[in-house]
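Observations on the model geometry
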Amino acid sequence: MNARKTPVTTLEFPDNKLLRTLGGPHAKHFARIEQKLNVAIDMRGNLVAIEGQDRERAGAILRSLYLRLVAGESVTLAEVDSEIRFTDEARTLAPGAIKTSSSRAVRPRSPAQAAYLDMMRQCPLVFGIGPAGTGKTYLAAAFAAYMLHEKRVERVILSRPALEAGERLGFLPGDLKEKIDPYLRPLYDALFDVLGDGAGRLMEQGVIEVAPLAFMRGRTLNRAFVILDESQNTTPAQIKMAMTRLGEDSHMVVTGDPSQSDLPGGVALGLNEALTILEGVEGVGVTRFSDKDVVRHPLVARIVAAYSRHGKS
């Protein structure tokens, strides 16, 4: 009697060089998929054979990553993990990249990030709420760059309150710009990451403006994409002032982590009040991230989860 054969899914990739890149150094990308999905992957020439119950899912992940390589994008272990998270969801998502410039693209790395991008497409005002490392600010900057690239807005304005635990601006050295710059550094970093060297040129031209929240008062912002970062450090008056700056054909994303407020008492007064008042208002969307959506170093996710458990206890 013949032994029953184990089902195998075989994929063929036309470019052997890209296929070796797909596997990663010492085939560690394949090893990660094998570990996470409990499958066995065997590469021979330009063929990849996959055994195991999740072989179709593993095949979908490999095909998606290969297409990134064909498009000129890089594939790292982080991208492998992001594709695994995507396929971990039963529902269908829209994992397509958004172009932030002629040579750059950004993809969501988790289902929550995909939902966040989708909400930015639909709502003029979006809140991104959750812990550090979930991509709230980075994806907002990426979507702003996408809107600018598509000529759907004429400028991008990034702002955040100049407040940090244990410090006040008056005690910092330098003039006002030198005092403010350290607080705005995360926004600079996100912009240069998604736009490359073009970010500096656009800032010199005034197309991209980075300013502290206080500089927003009295302005009406038309055809602009506004990002208000670290909103857990705003007062009710400040966040209302910022949101009411929106003009014709403008969009705003408000990001924050209510558990990390530097306001007296550690309570995110402005952000919490805005979320309560605006609940159910047409045109306002809210995406809430959790520690499961952390896309930085895996240790960051464990740190966030540990603090979350400690807070609940």
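Structural notes, computed from the coordinates. (Residues numbered from 1 in each chain as written. Predicted model: local features only at pLDDT ≥ 70, side-chain atom pairs only at ≥ 80, totals over all residues. Heavy atoms only, no water.)

Digging into the environment of T10
The criterion, for reference: Secondary structure elements are taken from DSSP: a helix is a run of H or I of four residues or more, a strand is a run of E of two residues or more, and numbering for both begins at the N terminus. Whether two residues are in contact is decided by their heavy atoms: any pair within 4.5 Å suffices.
Mapped onto the secondary structure, T10 falls in strand β1 (residues 8–12). Separated by 32 residues in sequence, T10 and D42 have C-alpha atoms that sit 9.4 Å apart. The contacts of T10, once residues within four sequence positions are left out, are L47, V48 and A49.

Section: helix α9 (residues 236–243)
Counted only if it meets this: For every residue, the accessible area (1.4 Å probe, protein chains only) is compared with the maximum for its type, and the residue is labelled buried under 20%, exposed over 50%, or partly exposed between those bounds.
Listed in full, the buried residues belonging to α9 are I239, M241, A242 and M243. Packing partners of the buried residues in α9 comprise β6 (125–129), β9 (224–228), β10 (251–256) and α10 (269–277).

Quick word on the sheet that holds strand β7 (residues 155–160)
Stated precisely, the cut-off is as follows: Note: two strands are recorded as paired if DSSP finds a minimum of 2 bridges between them. Only the contacting stretch of a helix is used when fitting its axis, a line to C-alpha atoms as for every element, and angles between N-to-C directions run 0 to 180 degrees.
On the basis of which strands lie adjacent, the open sheet formed by six strands has the order β8-β7-β9-β10-β6-β11 and parallel pairing. The strands lining the two open edges of the sheet, one partner per strand, are β8 (208–212) and β11 (284–288). Ignoring strand direction, the axes of neighbouring strands in this sheet form an average angle of 15 degrees. Pairing analysis gives five bridges linking β7 to β9, with the strands arranged parallel. Along β9, the bridge assignment pairs L158 with I227. Its contacts with the sheet put helix α6 (residues 136–149) on β6, β7, β8, β9 and β10, and the angle it makes with β9 is roughly 175 degrees. Against the sheet, α10 contacts β6, β10 and β11, and its axis sits at roughly 125 degrees relative to β6.

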